[in-house]
Amino acid sequence: MPLFFKMTRKAIAPWIGLSLACALLSAPTMANEAGDPSPQELIEGLISGRAPVGGPFELTDQTGHRRTDADFRGKLVVLYFGYTYCPDVCPTELQSISLALDKLGAEAEAVQPLFITVDPERDTPARLAEFVTSFHPRLVGLTGSVAEIKKTAIAYRTFFA
């Protein structure tokens, strides 16, 4: 029986809110032959339900190393966009991800949790290192320039201001 069907309702609950942020990075990217889709194409794709989610990214992890989507290929990647100074929601959701990984036990090796900041000016690699280690040892924190974060957020259908 697949792992999904072995999990209880209580174990699945933390994953429900994250289902839109999950992507197998081996899936096709959102860019078309002409490049990135226009804002109108993004909106039409979201409305129609045909918008692909995901795409390539290159960001800096909490150790200062550049990481790309290729580093995580073959894993089920759970992306969480947030910021380290978030008082309530981000820590609560990251704790839920951590608990779900713990409940999966050895099968959690197939899952890679990523925390991508939407506040790159304050969320330096050093700040991310301190933050992500508070939740789970396998959680990777990613930051970059504002342009890199925006590009990644748009690819994964996340919007922030």
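Per chain, residue numbering runs from 1 following the sequence as it is written. The model is predicted, so local features are restricted to residues of pLDDT at least 70 and side-chain atom pairs to those at 80 or more, both for listing and for counting; the totals for chains, interfaces and linings are taken over all residues. Processing note: side-chain calculations cover all non-hydrogen atoms of the structure and skip hydrogens and water entirely.

(A) The arrangement of the environment of Val 111 in detail. Helix numbering and strand numbering both begin at the N terminus, where a helix is a DSSP run of H or I of at least 4 residues and a strand a DSSP run of E of at least 2. Looking at the element boundaries, Val 111 is found in strand 5 (residues 111-117). Burial here depends on accessible area, computed with a 1.4 Å probe over protein chains only, as a share of the maximum for the residue type. Under 20% is buried, over 50% is exposed, and the range in between is partly exposed. Assessed through its relative accessible area of 7%, Val 111 is described here as buried. As for Val 111 and Arg 138, which are separated by 27 residues in sequence, their C-alpha atoms are 9.3 Å apart.

(B) Here's a closer look at unusual backbone geometry. One non-glycine residue, Arg 157, adopts positive backbone phi at about 60°. Tracing the chain through its elements places Arg 157 in the segment after helix 6 (146-155).

(C) Inspection of the confidence of the model for the chain at higher detail. A residue's pLDDT is simply how confident the predictor is in it, with values from 0 to 100. The share of residues in the chain with pLDDT of 70 or more is 69%, and the mean pLDDT across the chain is 79. Low pLDDT (under 50) marks residues 1-34, which in the prediction has 51 contacts with non-local residues, meaning those over four places away or in another chain. Any two residues having at least one pair of non-hydrogen atoms within 4.5 Å are treated as being in contact.

(D) Molecular detail of the pairing of strand 2 (residues 58-61). By this definition, two strands are paired if DSSP reports at least two bridges between them. As judged from the three bridges shared by strand 2 and strand 3 (residues 66-68), these two strands associate in the antiparallel manner. Note that in strand 3 the partner of Thr 60 across the bridge is Arg 66. As consecutive antiparallel partners, strand 2 and strand 3 are separated by four residues, and within that stretch Gly 64 has a phi angle of approximately 90°, a positive value.

(E) Broad picture of the nonpolar core. Joining through side-chain atoms within 4.5 Å is the link that ties buried Ala, Val, Leu, Ile, Met, Phe, Trp, Tyr and Cys residues into a set, and such a set is a nonpolar core. Grouped together as the largest cluster of nonpolar side chains are 16 residues, with contacts concentrated most on Tyr 80, Leu 94, Ile 97, Phe 115, Phe 131 and Leu 139. Once residues lying within four places of it in the same chain are set aside, the contact partners of Phe 115 are Tyr 80, Gly 82, Tyr 83, Thr 84, Leu 94, Leu 128, Phe 131, Val 132, Leu 139, Val 140, Gly 141 and Leu 142. Formed by 15 residues, the second largest nonpolar core is a distinct cluster that contains Phe 72, Leu 79, Ile 116 and Val 118.

(F) The side chain of Asp 61, seen in detail. With respect to the helices and strands, the residue Asp 61 is situated in strand 2. For Asp 61, a relative accessible area of 4% puts it in the buried group. N or O atoms closer than or at 3.5 Å make up a polar contact, with two conditions inside protein: a donor-capable atom paired with an acceptor-capable one, and, for residues adjacent in sequence, both atoms drawn from side chains. Polar side-chain contacts of Asp 61 include one of 2.6 Å to the side chain of Thr 63. Among all residues touching Asp 61, those that are not within four sequence positions of it are Arg 67, Pro 125, Val 140, Gly 141 and Leu 142.

(G) Region of the structure containing helix 6. Burial in helix 6 covers these residues: Ile 149, Thr 152, Ala 153 and Ala 155. For helix 6, the arc enclosing every buried residue in end-on projection is 160°, short of the 170-degree limit, so these residues lie on one face. Of the surrounding secondary structure, the elements contacted by the buried residues of helix 6 are strand 2, strand 4 (76-82), strand 5 and strand 6 (140-143). Backbone geometry just downstream of helix 6 places Arg 157 in the positive-phi region, at approximately 60°. Note: the arc covers the axis-to-C-beta directions of the helix.

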